[in-house]
Amino acid sequence: MSTTIVGQHRSGFSLAQYVTCLNGIVWREALRFLHQRERFVSALVRPLVWLFIFAVGFRQVLGVSIVPPYETYILYEVYIAPGLMAMIQLFNGMQSSLSMVYDREMGNMRTLLVSPLPRWYLLFCKLVAGTAVSLLQVYAFLLIAWFWDIAPPPIGYLTVLPALILSGLMLGALGMLISSGIKQLENFAGVMNFVIFPMFFASSALYPLWRVQEGSPLLYYICLFNPFTHAVELTRFALYGQINSIALTVVGGCTAVFMIGAIYAYDPSRGLTRHGPAGGET
Amino acid sequence: MTPSSAPAAGKPPPDARLGRDPAGMPALSIDTVSHSYGPRRALTDVSFAVAPASFTALLGLNGAGKSTLFSLITRLYGIQAGRISIFGHDIRAAPGEALRLLGVVFQPRTLDLDLSVQQNLLYHAALHGIARGEARMRGDEMLARLGLADRAASKVRDLSGGQMRRLEIARALLHRPRLLLLDEATVGLDVKARADILDHVRQLVTEQGIGVLWATHLFDEIKPNDDLVVLHQGRVLAHGEVTRVTAEAGAQDIHAAFMRLTGAAAEFGRAVP
């Protein structure tokens, strides 16, 4: 051990170092996802249950008229497919935030937060990693759905990608923001009841908004203000090679707001500080 | 005994010992740092410095404020009052420059149990912007030094407590820091594992010139020529070479000195409303 480790330290970080960091965080998230096979299976089973059971059961009850981006009458399964894709991303976003709470409780989060790279960038990398994992799940779902005769135009598989990335970032940033306010893992069950279910059901994922408006004008406005509705519509239009500019604006804006909020919440002087040290530490 | 921030007299300055830091820049400088959790005061006007190539023991009972201080140094918590700098880089103004010079082993385990030993190292390297090839090379070198080369592919979950700690030290050294913080790194380990880790850390000081801040509540981990900071109820009660602190406390050994110092602190606490 004769070599000195007092190395030459340059100031600042190169672009290559930023890219290395991003690759490392995405790689680690992918490894964790692959190690948790149950997570992958459950992420697929959930939307497939809706598709194979719920959609078939409600096919005759819920009629869907011709609404953009569809140019003809469609089966109910076709209508809810984009909603189920967004649902995968919603659950994944919350799952990522759950893992952040877990990491914080187990101490792994410290490894990330003591990195010398800017904290906003580290959180952004976490977000990108979570989105990448959600893309794997969504495309696996689309593959299975194709055998169920849910086949958008071939180009749709490509044009939907940017929409999925943006939606994934938005929902991941929301999950990150929520996780910054959760002190203990046990409190996460509340997220299911107060975030995931209301966001999913008060949206256009399962029924068109004009249908909702007929039933309850109040719920219609709630759905309109729900960013998840716009994630669903952005995905729906993109799947057919079209852009829904309102949805794009809302999702883009919400991504920025949630991301800024999450970075603010994880600031050491505001985020972890108020929680105090972990048990046993002082 | 009065608190002192000056290193003990007679000890060679760090640059004289290893020819580093001729400017006399401390590895770690903590200047009047205070911290509260709501109404509860955890640290009050804490000041001391750690020299490069020195072993400084931060001695305090559970609840003394050691982990809070570590969280402030590592920027996990924001600094409410005072100033912390690492080799002259203010942790608040230049966190990137400060943190890249710092390696840390926290009190709770911070390894990813589901990843392998090598994967944990590669992840840490990526967080410091170290390219994959270089990270593998450094990782292999670190694992060999710490006697973990044969466990590189093992899941961390399958390691013993001592091996996990050694891995955490390897990880903390991977980006070649100049200051190493260890927060009660030997808690829960058997006698041999404790001795091995302590020996290795002391070797880092003498052979590689790293400044070490070793938080502990175990007296037998401290040697007479170490620097010592006694932290009690969030206040520095004494700082200096162990022999000097012991002498000034009028005690025979560090254990007696600590008891005498903290007893005085209890009286002080009663005197202040």
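Note that the structure is predicted; figures quoted are calculated from it, not measured. (Residues numbered from 1 in each chain as written. Chains lettered and ligands numbered in written order. Predicted model: local features only at pLDDT ≥ 70, side-chain atom pairs only at ≥ 80, totals over all residues.)

**Some points on the overall build of chain A**
So, step 1. Helix and strand content of chain A: 11 helices and zero strands.
So, step 2. For chain A, the α and β elements follow one another from N to C terminus as α-α-α-α-α-α-α-α-α-α-α.
So, step 3. The proportion of buried residues among the 282 residues of chain A is 42%.
So, step 4. Sequence separation of 24 or more characterises 80% of the internal contacts of chain A that already satisfy a separation of 6 or more. (Helix = DSSP H or I, 4+ residues; strand = E, 2+ residues; numbered from the N terminus. Buried ≥ 20, exposed ≤ 12 C-beta atoms within 10 Å, placed from the backbone. Contact = placed C-beta atoms within 7 Å.)

**Comments concerning the overall build of chain B**
So, step 1. Assigned secondary structure in chain B consists of nine helices and 10 strands.
So, step 2. The buried share of chain B, reckoned over its 273 residues, is 52%.
So, step 3. Considering only contacts in chain B between residues 6 or more positions apart, those separated by 24 or more positions represent 68%.

**Quick notes on the environment of phenylalanine 52 of chain A**
So, step 1. Tracing the chain through its elements places phenylalanine 52 of chain A in helix α2 (residues 37-58).
So, step 2. Judged by local crowding, phenylalanine 52 of chain A falls into the partly exposed class, with 15 C-beta atoms found within 10 Å.

**Regarding the environment of proline 118 of chain A**
So, step 1. Position of proline 118 of chain A among the secondary structure elements: in the loop between α4 (108-113) and α5 (119-146).
So, step 2. For the pair proline 118 of chain A and phenylalanine 13 of chain A, spaced 105 residues apart in sequence, the C-alpha to C-alpha distance is 9.8 Å.

**A word on the interface of chain B and chain A**
So, step 1. The interface is formed by 49 residues belonging to chain B together with 39 residues belonging to chain A.
So, step 2. Elements that contribute at least two residues to the side of chain B that touches chain A include exactly α2 (66-73), α3 (95-99), α4 (117-127) and α7 (191-208) of chain B.
So, step 3. Per-class residue counts for the side of chain B that touches chain A are 19 nonpolar, 18 polar and 12 charged. (Nonpolar A, V, L, I, M, F, W, Y, C, P; charged D, E, K, R; others polar.)

**Looking at unusual backbone geometry**
Residues and elements named next belong to chain B.
So, step 1. The backbone of phenylalanine 87 sits at a positive phi, close to 45 degrees, despite the residue not being glycine.
So, step 2. With respect to the secondary-structure elements, phenylalanine 87 resides in the loop between β4 (81-86) and β5 (89-90).
So, step 3. One non-glycine residue, glutamate 184, lies in positive phi territory at about 45 degrees.
So, step 4. Within the secondary structure, glutamate 184 sits in the loop between β7 (179-183) and α7.

**Some remarks on the nonpolar core**
Among soluble globular proteins, nonpolar side chains are generally buried collectively.
So, step 1. Membership of the largest hydrophobic core comes to 154 residues, with the highest contact counts inside it found for Met170 and Ala173 of chain A together with Ala170, Leu179, Val212 and Val230 of chain B.
So, step 2. It is helix α3 (residues 76-106) of chain A that provides the largest number of residues to this core, a total of 14 residues.
So, step 3. Residue-level mapping places this core at the junction of two domains, with at least three residues from each of domain 1 (14-101 + 177-271) and domain 2 (111-176) of chain B. (Core = buried A, V, L, I, M, F, W, Y, C linked by C-beta atoms within 7 Å. Domains from an automatic or database assignment.)

**What about the pairing of strand β8 (residues 211-216) of chain B?**
Residue and element names in this part refer to chain B.
So, step 1. Among the six residues that make up β8, six are buried, leaving the element largely enclosed by the rest of the structure.
So, step 2. Both faces of β8 are covered, namely the face carrying Gly211, Leu213 and Ala215 and the face carrying Val212, Trp214 and Thr216.
So, step 3. In this sheet, β8 lies alongside strand β3 (residues 55-59) in parallel orientation, the contact comprising five bridges. Looking across to β8, one finds that leucine 58 is bridged to alanine 215.
So, step 4. Where β7 meets β8, five bridges bridge the pair, whose relative direction is parallel. Note on β8: the bridge partner recorded for aspartate 183 is alanine 215.
So, step 5. Taken together, β7, α7 and β8 form a β-α-β motif whose crossover is right-handed. (Pairing = 2+ DSSP bridges. Right-handed = clockwise from strand over helix to strand, strands pointing away.)

**A short note on the pairing of β4 of chain B**
All names here are of chain B.
So, step 1. As paired strands, strand β1 (residues 28-37) and β4 are joined by five bridges and run antiparallel to one another. The residue of β4 that forms the bridge with serine 34 is alanine 81.
So, step 2. In this sheet, β5 lies alongside β4 in antiparallel orientation, the contact comprising two bridges. Within β5, the residue paired with serine 85 across the bridge is aspartate 90.

**Regarding the sheet that holds strand β6 (residues 102-105) of chain B**
Two pairing modes exist for strands in a sheet, parallel and antiparallel, and in both the strands are linked by backbone hydrogen bonds.
Residues and elements named next belong to chain B.
So, step 1. The strand order across the open sheet built from six strands is β6-β7-β8-β3-β9-β10, with neighbouring strands paired in mixed fashion. The open sheet is flanked by β6 and β10 (235-241), the only strands paired with a single partner. The average angle at which neighbouring strand axes cross in this sheet is 15 degrees, direction not considered.
So, step 2. Across four bridges, the pairing between β3 and strand β9 (residues 227-232) is parallel. Pairing of threonine 56 across the sheet is with aspartate 227, part of β9. (Axes fitted to C-alpha atoms, helices over the stretch in contact; angles between N-to-C directions.)

**Structural notes on the confidence of the model for chain A**
Low-pLDDT stretches of the model should not have their predicted coordinates read in fine detail.
Residue and element names in this part refer to chain A.
So, step 1. Residues at a pLDDT of 70 or more form 84% of chain A, whose mean pLDDT is 81.
So, step 2. This stretch, residues 1-9, has a pLDDT under 50; its non-local contacts, to residues over four places away or in other chains, come to 16 contacts.
So, step 3. Confidence over residues 271-282 falls short of pLDDT 50; this stretch has 25 contacts with residues more than four positions distant or in other chains. (pLDDT = per-residue confidence, 0-100.)

**Some remarks on the sheet that holds β5 of chain B**
Residue and element names in this part refer to chain B.
So, step 1. With antiparallel pairing, four strands are arranged side by side in an open sheet as β2-β1-β4-β5. Every interior strand has two partners, whereas the edge strands, β2 (40-50) and β5, have only one.
So, step 2. One ladder, built from seven bridges, connects β1 with β2; its direction is antiparallel. Within the sheet, the bridge partner assigned to serine 29 lies in β2 and is alanine 49.

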